[in-house]
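The chain contents come next:
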Amino acid sequence: MLKYMLRRILQMIPVLLIITVITFLFVNASGDPTSLLLPPEATAEDREIMREALGLNEPLHVQYGIFITNVLHGDFGRSFRYGVPALGVVLEKIPASIQLAGVSLLCSVLLAIPLGILSAHTKDSPLDLIVSGFSSLGRSMPSFWVGIMLILLFGVTWRVLPVSGRGTWQHLVLPCATLTINTATQIVPLVRSGMLEIMQQDYIRTARSKGISNAKVTFKHTFKNALVPVVTITALQIPNLVGGALITETVFAWPGLGQLVVQSIGAHDMSVVQACVVIISLITMASNLLADLVYCLIDPRIRY
Amino acid sequence: MEKKNGKPSEAGKVARERSIVFDLPRLLLKSPSGMVGFLILLTVIFVSIFAEVLMPCTPEEIDLFNMAQPPVWEEGGSMEHILGTDILGRDIFSRILIGSRVSLLVGVFSVMVAGFIGTVMGVLSGYFGGWIDSVIMRITDAFHAIPLTLLAMVILTIMRPGVLTLVFVIGVTTWPFYARMVRSEVLGLKNKEYVKAARTIGTSGPKIMLKHILPNVLPTFIVTSTLSVASSILIEASLSFLGLGIQPPRVSWGVMLSDGRNYLATNWWMATFPGIAISVTVLGIMLLGNWLRDVLDPKNQGLR
């Protein structure tokens, strides 16, 4: 178990390196930072001095070497928009993002699992059709549009909920609902098909023929086994959730990583963008690792 | 064909995969949801081809006398602008019709780019294994750890936004999904007897991949790519919404949503209708894709 975890963490290193290479290359190609750092009336010599000072005249691989050494020391460079180290700007925004994504994930799971089970148990009934229909519809709607429509209903027409910013729990309701609609509808069909597959297994038939009550068969025999794919699916939703949060945060002016990254890209504050990409990837990988560990707990057959 | 003689059941399987193509129309008639999806997609394709003929107004024409006119059923609406006009007096209905073109173009072509890169990578990875496999898989891991929208946003900062750029960016960010899928199919197929037989009689590697492996990956590939068109359309809409995709005055549903969002408090129709257009299109493609998956899945023989 410990050995497996160590191996997984070691495997994350090359992946993270590839991510830093990708972001480094794109940020490097995104243009000459001197034009942003210096006033427009700066002369060519000024620019040259600045380039030299920033190490921009070095060959690309040397620049990457410097970059990665700094990153390993927690230094992503300074954010020219805030004038402070980029990493600090990013870390400051993490709690807000985790709060939004965490609550949304929890709501999605709490909503999607009962609906999926219900849908599987009443297969092809009107109830199943309604649940499946709504989940298809939910997956088809762009999350930012769902957000806009919620703002329209609750913020503009009924004026019952705040539509932007962070503070009270009321501020959390709309962005969380937006992300939940999007995520829960992705999970429902997968819970449904997972349940259906397991309901056909021999041991379920055996349990039923032994006269075990319906509820017990559903929760003890079927659901416990269906949980493994459900955890996988939920873990797979995490990058989606973070990606969806990027735009949802922008729509609701939620002061998290998403809003930061969108604003930083708009302002060409590339050191913040680099830091965001690396941190978001780290969070994603960590949550995938966590999901693998949860498997162990719920499925005794899986041993690493 | 003689290479497959030693294994009649495999040859039979291939023959069955072929024959299902001719059965598709008949099967489609039996599935209400598949049929709905097919009809929606057909309508969207029709509209995007004949948009010029169907449009009541010129979508870019600014008409300051009819600014922010509500849809026809609201007070102040007119038959001339069925879905109302936007803040510059442009007809929303016409803009939605022409906007379908960008969505479909980006959706279909980005999937082609992703499918091509992903298939080549997946076949190489699965067929050769070893270090090639490790390198390609680590790269796909890296891509899986960064949310798609974030990666696309970073790449877009260095490119001039437009249809071609979006096709490229979405293609380049989504190929790892195909690579993984194709790889797992190839791993399954590589040890089939007919592939071994082909190798034994001295067929070259590229020929085995092209003639014996790729055709068998096709059903899975078709299903995945159909569903991917839907998600590419959503990504395009998000990027255009954030101002990184299609640029005005070019019309796209995402751009319309982004324009309309600013006038939510007074003019609800501006952001509502483009969102409905996106949702219906994506829903149609998804229903068709789900139906295809059920029909082409060998586990669901009974459906045929």
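Residues numbered from 1 in each chain as written. Chains lettered and ligands numbered in written order. Predicted model: local features only at pLDDT ≥ 70, side-chain atom pairs only at ≥ 80, totals over all residues. Heavy atoms only, no water.

Taken together, the contact pairs 40 residues of chain B with 41 residues of chain A. Of the roughly 3400 Å² buried between chain B and chain A on both sides combined, carbon and sulfur atoms contribute 82%. Summed over the shared surface of chain B and chain A, the result is five residue pairs in polar contact (both at pLDDT 80 or more). Elements with a minimum of two residues in the side of chain B that touches chain A: helix 5 (130-145), helix 6 (148-156), helix 9 (205-241), helix 10 (253-261) and helix 11 (269-296) of chain B. For the side of chain B that touches chain A, the element with the most residues is helix 11 of chain B, which contributes 11 residues. Each residue belonging to the side of chain B that touches chain A can be placed in one class, and the counts come to 28 nonpolar, eight polar and four charged. (Contact = heavy atoms within 4.5 Å. Buried area = accessible area lost by both parts, 1.4 Å probe. Polar contact = N/O pair within 3.5 Å; in protein donor to acceptor, adjacent residues only side chain to side chain. Helix = DSSP H or I, 4+ residues; strand = E, 2+ residues; numbered from the N terminus. Nonpolar A, V, L, I, M, F, W, Y, C, P; charged D, E, K, R; others polar.)

Two elements in contact, helix 1 (residues 2-29) of chain A and helix 5 of chain B, have axes whose closest approach is 9 Å; the angle formed by their N-to-C orientations is 70°. Judged on the interaxial angle alone, helix 5 of chain B and helix 1 of chain A are roughly perpendicular. Contacts from Gln11, Pro14, Val15, Ile18, Ile19 and Ile22 of chain A of helix 1 of chain A reach helix 5 of chain B at Arg138, Ile139, Asp141, Ala142, Phe143 and Ala145 of chain B. Of the residues contributing to the contact of helix 1 of chain A with helix 5 of chain B, the split by class is nine nonpolar, one polar and two charged. (Axes fitted to C-alpha atoms, helices over the stretch in contact; angles between N-to-C directions. Parallel < 35°, antiparallel > 145°, perpendicular 65-115°, else oblique.)

Another aspect to go through is helix 12 (residues 270-298) of chain A. Taking 1.5 Å per residue, 29 residues should reach 42 Å; helix 12 of chain A reaches 42 Å between its end C-alpha atoms and fits that length. Counting buried residues along helix 12 of chain A, 21 of its 29 residues qualify, which places the element largely inside the surrounding structure. (Expected span 1.5 Å × (residues − 1). Buried < 20%, exposed > 50% of the residue type's maximum accessible area, 1.4 Å probe, protein only.)

Attention now moves to the confidence of the model for chain B. Residues and elements named next belong to chain B. Taken over all residues, the pLDDT of chain B has a mean of 86, while the share at 70 or more is 91%. Note on residues 1-8: pLDDT is under 50 here. Beyond four places in sequence and across chains, it has eight contacts. Across the interfaces of the predicted complex, the ipTM metric reaches 0.87, alongside a pTM of 0.88. (pLDDT = per-residue confidence, 0-100.)

Let us look at empty space enclosed by the protein. Under the defined criterion, the tally for this structure stands at two cavities of 30 Å³ or more. A volume near 60 Å³ is recorded for the largest cavity. Around the largest cavity, the lining residues are Asp86, Ile92, Arg95, Met256, Asp259, Gly260 and Met270 of chain B. For the lining of the largest cavity, the secondary structure elements donating two or more residues are helix 4 (92-128) and helix 10 of chain B. Of all the elements, helix 10 of chain B adds the most residues to the lining of the largest cavity, at three residues. By residue class, the composition of the lining of the largest cavity is three nonpolar, one polar and three charged. Around the second largest cavity, the lining residues are Leu179, Asn182, Thr183, Gln186, Gln237, Asn240, Leu241 and Gly244 of chain A. (1 Å grid on protein atoms, 1.4 Å probe; cavity = no way out; pocket = protein on both sides within 12 Å on 5 of 7 lines; lining within 4 Å. Points joined across faces, edges and corners; volume = space filled by probe spheres on them.)

This part takes up the pattern of salt bridges. All names here are of chain B. By the definition in use, this model includes 11 salt bridges over all chains. For Arg90, the salt bridge goes to Asp86, with nearest N and O atoms at 3.0 Å. The class of Arg90 is buried, set by a relative accessible area of 10%. Accessibility expressed as a relative area gives 9% for Asp86, which makes it buried. The salt bridge partner of Arg293 is Asp294, with a shortest N-O separation of 3.9 Å. You can call Arg293 partly exposed: its relative accessible area is 41%. Classification of Asp294 by relative accessible area gives partly exposed; the value is 31%. Through salt bridges that share partners, Asp86, Arg90 and Arg95 make up one connected network. (Salt bridge = Lys/Arg side-chain N within 4 Å of Asp/Glu carboxyl O.)

Turning our eyes to something else, we now look at a nonpolar patch on the surface. Residues and elements named next belong to chain B. The grouping of Ile45, Phe46, Ile49, Phe50, Val53 and Leu54 at the surface amounts to a nonpolar patch, some 560 Å² of accessible area in total. The set of elements that each furnish at least two residues to the nonpolar patch consists of helix 2 (32-49) and helix 3 (51-54). Among the elements that line the nonpolar patch, the one with the most residues is helix 2, at three residues. Position of Ile45 relative to the elements: it lies in helix 2. (Patch = residues over 30% accessible without salt bridge, like charges linked within 9 Å, V, L, I, M, F, W, Y side chains within 5 Å. Areas by Shrake-Rupley, 256 points an atom, 1.4 Å probe, with all protein chains shown as cover.)

This brings us to the state of the cysteines. One covalent bond between the sulfur atoms of two cysteine residues makes up a disulfide. All names here are of chain A. For the coordinates displayed, the defined rule picks out zero disulfides over all chains. Its sulfur unpaired, Cys107 is 4.0 Å from the next cysteine sulfur, which belongs to Cys176. Overall, Cys107 belongs to the partly exposed group, its relative accessible area being 31%. (Disulfide = S-S within 2.5 Å.)

As a further point, take the domain arrangement of chain A. Residues and elements named next belong to chain A. Taken as a whole, chain A is organised into domain 1 (2-72) and domain 2 (93-298). On a C-alpha basis, the centroid separation for the pair domain 1 and domain 2 is 34 Å. Among the residues domain 1 hides against domain 2, the three largest losses belong to Arg8, Met12 and Val27. Together they make up 33% of the total. Where domain 1 touches domain 2, the interface holds zero salt bridges. Between the two partners, domain 1 and domain 2, sit zero residue pairs in polar contact (both at pLDDT 80 or more). Partitioning the side of domain 1 that touches domain 2 into residue classes produces 11 nonpolar, three polar and one charged. (Domains from an automatic or database assignment.)

Moving on: the packing of helix 5 (residues 86-121) of chain A against helix 12 of chain A. Residues and elements named next belong to chain A. Two numbers describe how helix 5 lies on helix 12: the axes approach to 8 Å, and their chain directions differ by 50°. In terms of orientation, helix 5 lies oblique with respect to helix 12. In terms of crossing hand, the pair formed by helix 5 and helix 12 is right-handed. Two secondary-structure elements touch here, helix 5 through Ala86, Leu87, Val90, Leu91 and Ile94 and helix 12 through Ser271, Val272, Ala275, Cys276 and Ile279. (Left-handed = near helix turned anticlockwise from the far one by under 90°.)

What follows is about unusual backbone geometry. Looking along the chain, the bond that leaves Pro248 of chain B and enters Pro249 of chain B is cis, with omega of 5°. Take Pro249 of chain B: it is sitting in the loop between helix 9 and helix 10. Positive phi is not limited to glycine here, since Arg159 of chain A has a value of about 50°. Tracing the backbone through its elements, the reader meets Arg159 of chain A in the loop between helix 7 (143-157) and helix 8 (169-199). If you check the backbone angles, Ala253 of chain A has positive phi at about 50° while not being a glycine. You can see Ala253 of chain A is positioned in the loop between helix 10 (214-252) and helix 11 (257-266).

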